[in-house]
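# Examination of the molecular architecture
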Amino acid sequence: MAFCIAVIGKDNAPLYLATSDMEQELQLQYHVHAALDVVEEKCLLGKGAPESKELYLGLLYSTENHKIYGFVTNSRVKFIVVIDSTNVALRENEVRAIFRNLQVLYTDAVCNPFYIPGESLTSKKFDRSVQKLMNGNA
């Protein structure tokens, strides 16, 4: 389902990055970092409108092989999901569901009393759950 899921901190430092295809890992990381510019643009545009409380940013951009979607939490942590563009069966509400599940997993991971805010997410439970989410089993 998803090729890559990334969690980016509020200072644009990657907290977590998982890819399903290790051969394309560098290319997928490039797409994630390029998507951060689009996320920043959309956040700046939404800053002027206080009634804009939509956290889901939608399709950030697409390439020949991938579609890149974004989501920003209230604490400015960004979630980026890279999906295969040939998957035409995936609808917008399913992408929103991926982000909702990812936010629940992230919240559970950072609520761990041993987690230091701003550090990389190294939780094995979080990693297993994200891998299930990438495979479409969550």
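The numbering scheme is per chain: residues are counted from 1 as the chain's sequence reads. Reporting in this predicted model follows two pLDDT cut-offs: at least 70 for local features of residues, and 80 or more for side-chain atom pairs to be given and counted; totals over whole chains, interfaces and linings ignore these cut-offs and use all residues. Values reported for side chains reflect all heavy atoms of the structure, with hydrogen atoms and water molecules removed beforehand.

In the nomenclature of an unreviewed UniProt entry, the protein is known as Trafficking protein particle complex subunit 2-like protein of Drosophila willistoni. UniProt positions are given in the numbering used here, feature names are shortened, and annotations may be inferred rather than shown by experiment. The annotation that UniProt attaches to the protein under Sequence similarities (unreviewed entry) is "Belongs to the TRAPP small subunits family. Sedlin subfamily." In its Subcellular location (unreviewed entry) section, UniProt records this for the protein: "Cytoplasm, Perinuclear region".

### Focus: the state of the cysteines
When two cysteine sulfur atoms lie within 2.5 Å, the pair is treated as a disulfide. All told, the structure shown has 0 disulfides when counted by the stated rule. Cys-4 takes part in no disulfide bond, and the closest cysteine sulfur to it belongs to Cys-43, at a distance of 19 Å.

### Observations regarding the nonpolar core
Here, nonpolar core refers to any group of buried Ala, Val, Leu, Ile, Met, Phe, Trp, Tyr and Cys residues whose side-chain atoms link them within 4.5 Å. Think of it in three bands: residues with accessible area under 20% of the maximum for their type are buried, residues over 50% are exposed, and the middle band is partly exposed, with areas taken using a 1.4 Å probe on protein chains only. Formed by 27 residues in total, the largest nonpolar core has its most connected members in Val-7, Phe-126 and Val-130. Looking at which element gives the most residues to this core, the answer is helix 2 (residues 92-110), with 7 residues. The contact criterion used is simple: two residues touch if any of their non-hydrogen atoms lie within 4.5 Å. Excluding residues within four positions of it along the chain, Phe-126 makes contact with Val-7, Tyr-16, Leu-102, Leu-105, Tyr-106, Ala-109 and Leu-121. Cys-4, Ala-6, Cys-43 and Val-72 belong to the second largest nonpolar core, which has 16 residues in total. Runs of H or I in DSSP of at least four residues are treated as helices and runs of E of at least two as strands, each being numbered from the N terminus.

### Observations concerning helix 2
Here the expected length of a helix is defined as 1.5 Å per residue gap, with one fewer gap than residues. Its 19 residues place the ends of helix 2 27 Å apart at the C-alpha level, agreeing with the 27 Å of an ideal helix rising 1.5 Å per residue. Burial in helix 2 covers these residues: Val-95, Ile-98, Phe-99, Leu-102, Leu-105, Tyr-106 and Ala-109. Burial along helix 2 is one-sided: seen end-on, the buried residues are contained in an arc of 125°. On its buried face, helix 2 sits against strand 1 (2-8), strand 2 (14-19), strand 3 (56-62), strand 4 (66-72), strand 5 (78-84) and helix 3 (124-135). Note: the arc covers the axis-to-C-beta directions of the helix.

### Topic: the sheet that holds strand 2
Sheet architecture is open: 5 strands sit in the order 2-1-5-4-3, paired in antiparallel fashion. Two strands in the sheet have a free side with no partner beyond their single neighbour: strand 2 and strand 3. Each adjacent strand pair in this sheet contributes to an overall mean axis angle of 15°, direction not counted. Where strand 1 lies against strand 5, 6 bridges are found, and the strand directions are antiparallel. Following the sheet pairing, Ile-5 is matched in strand 5 by Val-81. Geometry is summarised by axes, namely lines fitted to C-alpha atoms with helices restricted to the contacting stretch, and by angles between N-to-C directions that run from 0 to 180 degrees. Docked against the sheet, helix 3 engages strand 1 and strand 2, running at close to 45° with respect to strand 2. Following DSSP output, two strands are said to pair if at least two bridges run between them.

### Considering the environment of Leu-28
Mapped onto the elements, Leu-28 comes out in helix 1 (residues 25-47). A residue is classified by how much of its surface remains accessible, and Leu-28, at 0% relative accessible area, is buried. Along the chain, Leu-28 and Ala-6 lie 22 residues apart, while their C-alpha atoms are 9.8 Å from each other. What Leu-28 contacts, discounting residues up to four positions off in sequence, is Phe-3, Cys-4, Thr-19, Asp-21, His-66 and Val-82.

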